[in-house]
Amino acid sequence: MKRIFTLLIFCGAALYAMGQKATISGQVTDDEGTALIGANLTVQGNPAGAVTDIDGNYEMMVDPGTYKVTASYIGFRDEVEEITVSANEKVTLNFRLGVGTDLDMVVVSGSRRPEKLTESAATIETIFAREIEQFAGSPAELVARQKGVEYFRAGIAAPAFNIRGFNSNFNSKNLQVTDSRFSSLVATGLPLGPLNTTIKEDIERVEIILGPNSTLYGPNAHNGLLNIITKDPRTSAGTTIALNAGVSGDGDPLYSARVRHAQVVSDKFAFKLMGEYSAATEFDFADSVYIDRQDANGNLIGSADYAGPDGVKEGWEELELNPDVNATRLEGAFYFTPKEDFDIILNTGYSNSNYLSPTNVGRNQIIDWQIFYTQLRLNFKNFFIQSVYTQSKTDDTYSIDDRTKAYYTGIDVLGLSDAEARGAQSYSTGAIFKDASDRWNSEIQYNNRFGSLELIAGAQWQQDRANSLGTYLIENELNEYYNGEDIVVNQYGGYAHLTYDFNRGWKALAAARADYHDVYEFNFVPKFGLLKIGDMGTWRLTYGQGIASPTILNMFGNLFNGLILGNAEGFDLVGGGRLEAQKVERLQTFELGYRGQLKKNKLFIDANTYYNISEDFLSPVTTFFATSRGKTPLREVQADALYDLYASIGLEGLVATYVNFGKVNTYGFDLNLNYYITPELNAYVNYSYFDYTFDEDDLANDFDRNGTVNFLDILVNAPNNRFGLGLNYNGDKFYGGAYGRYVEKYNYFSSFQIASETLTDDDGNPLTWRGTPIVEDSRGTDSYNYGPLGGFFTLDLNVGYHITDNFRVNLSAVNLFNQELREFTAAAPTRGIYTLELVYNIPAKK
């Protein structure tokens, strides 16, 4: 009886307290009176808050008192109203939000929650939906207009980027995320890039973090992060039909057709469906296969260093090169809101892609590479829960370089007919790549505010199930992680992110993450930051760590019959000594930044400077002579034919693998100035500087193991200077922009790929890279050195016109003057891309 009585007292007290509450309700709209769905309402110094519904309405309860209520929405200015309420009072408080300036942008990538860009402790670049909608070409081209980003095109279908140096032809150090799910391949860890399932019309914005953000996103948010956020059908209902037609600088056609439909069925249910088909032709190019062909008696048949019909130096013709590029993308999402503050989102996507992809050993012919995913997300009050299944599949992708060499061996040495050599012989050295890999990701996250303290904490699990169907991974009893069907690797992570508001504009950040991986075990990374928020802008000082983890390919690779082997177990070397198993690469970053305005509402600045300490680099593939991999003799790991071949020519035990090495300090700064000449017209300039230092006396930096440490051991692969100039106009009907981009000339080395000026020692003798003299415009081992990358200034243009409220026409020219640009190795020199786009929007029925 006493317990029941006590319970009744507590219930009565609770009911009384609720009865003393005041109710604040209202509507949030834009300047034109259109309801803003999903706008956030917060109360200063109070845990109360709300999110607007489908009609832009909200309601929340607070204790009696005087409060400052803030309404915020992505892309709009915050509005703050002060209000005094009494017990049991019901008050209406409406907000009209205007379009935001540079200082009003809201992002989510820095802390995985909405926050003003100026109050983020990370350096973040943003591309919003309006910029994407007004550009006829690929949204990826807009990445080139962001400061601090090393953008390049590795082909007509393969735009790519890197951040703060150490680029390579197989770079997995920049994480790609889409709607909180990792968008990377299972076995190689490479970003999906052209394999992504998202279409242009569904992108709400793109956020790019410069520098490590591993505390929230885990391993491989190391150099940086690209985060794509798609549109919510509840705020973007209607149908969009888009048609593109264009031509490349080579005169080849390109086209794309896309459709997106989003519909709000009720206040509880909404959905969106998207589809795309795009096609183009790769830029004209013949390269990568430079071999000295010999007959069965060892007589030289010809030299690969010859001029083709147009006078350009070419290698032997790439076997069955197919320059056709195409992609199919399908995606859908379903949103269910069973009650207030509770969203259930189910989305799924599929893509099928064909294109040419550059690697360290020439180009790969990507054939019908398919990506499929299903993602379930739950948002309930302060909790976010998700589970994602991703699948990768290809049966016919192959290495053009390796297949071509095997073909000519069949013709010259084995005396096969052309048809016989093109058949099984051309795949006999392991040229084919199959993939039937999948991945599971799950995450639970909690966030809340306790007075001045904000907490974000979560746990993640990832299981990679890699399966190359026996083509490029160690899939047998020699691999302890192989279960008879897949290579199964788990990793677990937990993180906490704390932000404390000291008031008077001061905020502090402390974050940490702990990960456990089945192979490379435990790792811990912290992050700290201090912000001073003023009326004109925000200063930020941060320290953060990041890690880049070996991929499944790095750990368990078995390429080209065992020529390249993964290094999860280490190697015993010929002559004694041990090559240790590969471990994670580590990065420490100190950064100072300021984002604000120099002249109120006219001149904006975003600047940052950083100092990085990088150590234990994940190397590109390099060669050793070994007796065993782990405890297994090398003969039992490599194919018999390969092992015996090397033994017969005095190279017994030759193997290529991956190692850790070195310690390098890098530093630089990035600057953006944006001036609004009028509210419709703005001009901006970007500049980035990057450089590095290392200890020439530290033999840990001696990557090529020749006893001397120099810049050829430190594969920075980045220009020192980059800058850009831009002009944008946004009128009621007409809009347009121009952007000029300069990339300083720089030398680039990645495995057997060389793009460098002639380099000599003090005596004038050419320096060597992997036994090859570094001489510009000459043949290397089996690729051609055309000279340094970069060294160009190029101009892009885009214009558009709203013919009606629902119909617009866009034109874009990437590389307006059709210059031949050498942007990457083992890839075609890029030229212009000129595109016409027609977009028709069918508004949703009210």
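Up top you'll find the structure we're talking about.
Not measured: the values here are computed from a predicted model.

**Q** Please explain the overall build of the protein as it appears in this structure.
**A** If you tally the helices and strands in the protein, you get 8 helices and 56 strands. Against the compact-globule benchmark of 28 Å for 846 residues, the protein has a radius of gyration of 29 Å, which places it among compact chains. Looking at the protein as a whole, 55% of its 846 residues qualify as buried. Across the protein, the fraction of contacts at a sequence separation of at least 24, relative to all contacts at a separation of at least 6, is 65%.

**Q** How do you make sense of the nonpolar core when you look at a structure like this?
**A** A general feature of soluble globular proteins is that nonpolar side chains tend to end up buried together. Core analysis: the biggest nonpolar cluster contains 32 residues, and V143, I156, L195, V206, I208 and L226 have the highest contact counts within it. Counting residues per element, the ones that place at least two in this core are β16 (203-210), β17 (224-230) and β27 (362-380). With 4 residues, the single largest contributor to this core is β16. With near-sequence residues (within four places) excluded, I208 lies in contact with T123, I124, E125, V143, Q146, V149, I163, L225 and L226. Formed by 30 residues, the second largest nonpolar core is a distinct cluster that contains F166, I474, V716 and L767.

**Q** Sorry, what's going on with the pattern of salt bridges here?
**A** Any two side chains of opposite charge can pair, on the condition that their charged atoms come close. For the coordinates displayed, the defined rule picks out 38 salt bridges. Of the charged contacts in the structure, one is a salt bridge between K147 and E125, with a shortest N-O distance of 3.0 Å. Of the two residues, K147 is situated in the loop between α2 (129-133) and β12 (150-153) and E125 in strand β11 (residues 123-128); the sequence distance between them amounts to 22 residues. Here K147 and E125 have matching classes, each one buried. R164 serves as the salt-bridge partner of E591, at 3.3 Å between the closest nitrogen and oxygen. Of this pair, E591 sits in strand β39 (residues 585-599) while R164 sits in the loop between β13 (159-162) and β14 (174-178), and the two are 427 residues apart along the sequence.

**Q** Would you mind going over the pairing of strand β29 (residues 432-450) with me for this structure?
**A** Looking along a regular strand, one sees the side chains alternate between the two faces of the sheet. Of the strand pairs in this sheet, strand β28 (residues 383-399) and β29 are connected by 14 bridges, and their pairing is antiparallel. Its bridge partner being in β29, Y389 is matched across the sheet by W440. Where β29 lies against strand β30 (residues 453-466), 13 bridges are found, and the strand directions are antiparallel. Considered in β30, the bridge of W440 is made with Q463. Between β29 and the antiparallel strand that follows it, β30, lie 2 residues; G451 among them carries a positive phi value of about 65°.

**Q** Help me understand a negative patch on the surface in this model?
**A** On the surface, a cluster of negative charge is made up of D53, D55, E59, D267 and E340. Note on placement: D267 falls in the loop between β19 (253-264) and β20 (269-281).

**Q** Please explain the pairing of β27 as it appears in this structure.
**A** Pairing geometry for strand β26 (residues 342-359) and β27, over 17 bridges, is antiparallel. Along β27, the bridge assignment pairs N352 with Q370. Here β27 pairs with β28 via 13 bridges, running antiparallel. Paired with Q365 across the two strands is Y398, which belongs to β28.

**Q** Can you walk me through helix α8 (residues 640-648) in this structure?
**A** For an α-helix, the turn length of 3.6 residues means that residues three or four places apart are oriented alike. Along α8, the residues classified as buried are L642, Y643 and Y646. The buried side chains of α8 occupy one side of the element, clustering within an arc of 95° when seen end-on. Structural note: α8 exposes A641 and S648 on the side pointing more than 90 degrees away from its buried face. Looking one or two places after α8, you find G650, whose phi comes out positive at around 80°.

**Q** Looking at this structure, how should I read the packing of aromatic side chains?
**A** Any pair of aromatic rings gets described here by the distance separating the centres and the angle formed by the planes. Under the criterion given, the structure shown has 31 aromatic pairs. On the numbers, 5.6 Å between centres and 50° between planes, the contact of Y481 with F556 is tilted. Taken as a pair, Y481 in the loop between β30 and β31 (487-503) and F556 in helix α6 (residues 552-556) lie far apart in primary sequence, 75 residues in all. Ring centres of F669 and Y687 lie 5.6 Å apart, and the angle between their planes is 50°; on these two criteria the pair is classed as tilted. A residue pair is termed long-range when its members are at least 10 positions apart, and F669 in strand β44 (residues 660-676) and Y687 in strand β45 (residues 681-694) qualify at 18 residues. Residue F669 is classed as partly exposed on the basis of its relative accessible area of 35%. With relative accessibility at 24%, the residue Y687 sits in the partly exposed group. Feature note: the residues F166, F617, F661 and F703 constitute an aromatic cluster, connected by ring pairs. Positioned above the aromatic ring of F624, the side-chain terminus of R705 is 4.0 Å from the ring centre. Above the plane of the ring of Y786 lies R822, whose end atom (NZ or CZ) is 4.1 Å from the centre.

**Q** Please clarify how the sheet that holds β11 should be interpreted in this entry.
**A** Think of a sheet as strands paired side by side through backbone hydrogen bonds, with each pair either parallel or antiparallel. Here we have 5 strands laid out as an open sheet, ordered β11-β16-β17-β14-β15, and mixed in their pairing. Both edges of this open sheet fall to β11 and β15 (181-182), since each of them pairs with a single strand only. As paired strands, β16 and β17 are joined by 7 bridges and run antiparallel to one another. Bridging from a neighbouring strand, L210 pairs with G224 of β17.

What counts and how
- Residues numbered from 1 in each chain as written.
- Predicted model: local features only at pLDDT ≥ 70, side-chain atom pairs only at ≥ 80, totals over all residues.
- Heavy atoms only, no water.
- Helix = DSSP H or I, 4+ residues; strand = E, 2+ residues; numbered from the N terminus.
- Rg over C-alpha atoms; globule rule 2.2 N^0.38 Å.
- Buried < 20%, exposed > 50% of the residue type's maximum accessible area, 1.4 Å probe, protein only.
- Contact = heavy atoms within 4.5 Å.
- Core = buried A, V, L, I, M, F, W, Y, C linked by side-chain atoms within 4.5 Å.
- Salt bridge = Lys/Arg side-chain N within 4 Å of Asp/Glu carboxyl O.
- Pairing = 2+ DSSP bridges.
- Patch = residues over 30% accessible without salt bridge, like charges linked within 9 Å, V, L, I, M, F, W, Y side chains within 5 Å.
- Areas by Shrake-Rupley, 256 points an atom, 1.4 Å probe, with all protein chains shown as cover.
- Lys, Arg positive; Asp, Glu negative; His and termini not counted.
- Charge placed at Lys NZ, Arg CZ, Asp CG, Glu CD.
- Arc of directions from axis to C-beta.
- Phe/Tyr/Trp six-rings, centres within 6.5 Å; stacked < 30°, edge-to-face > 60°.
- Lys NZ or Arg CZ within 6 Å of the ring centre and 35° of its normal.

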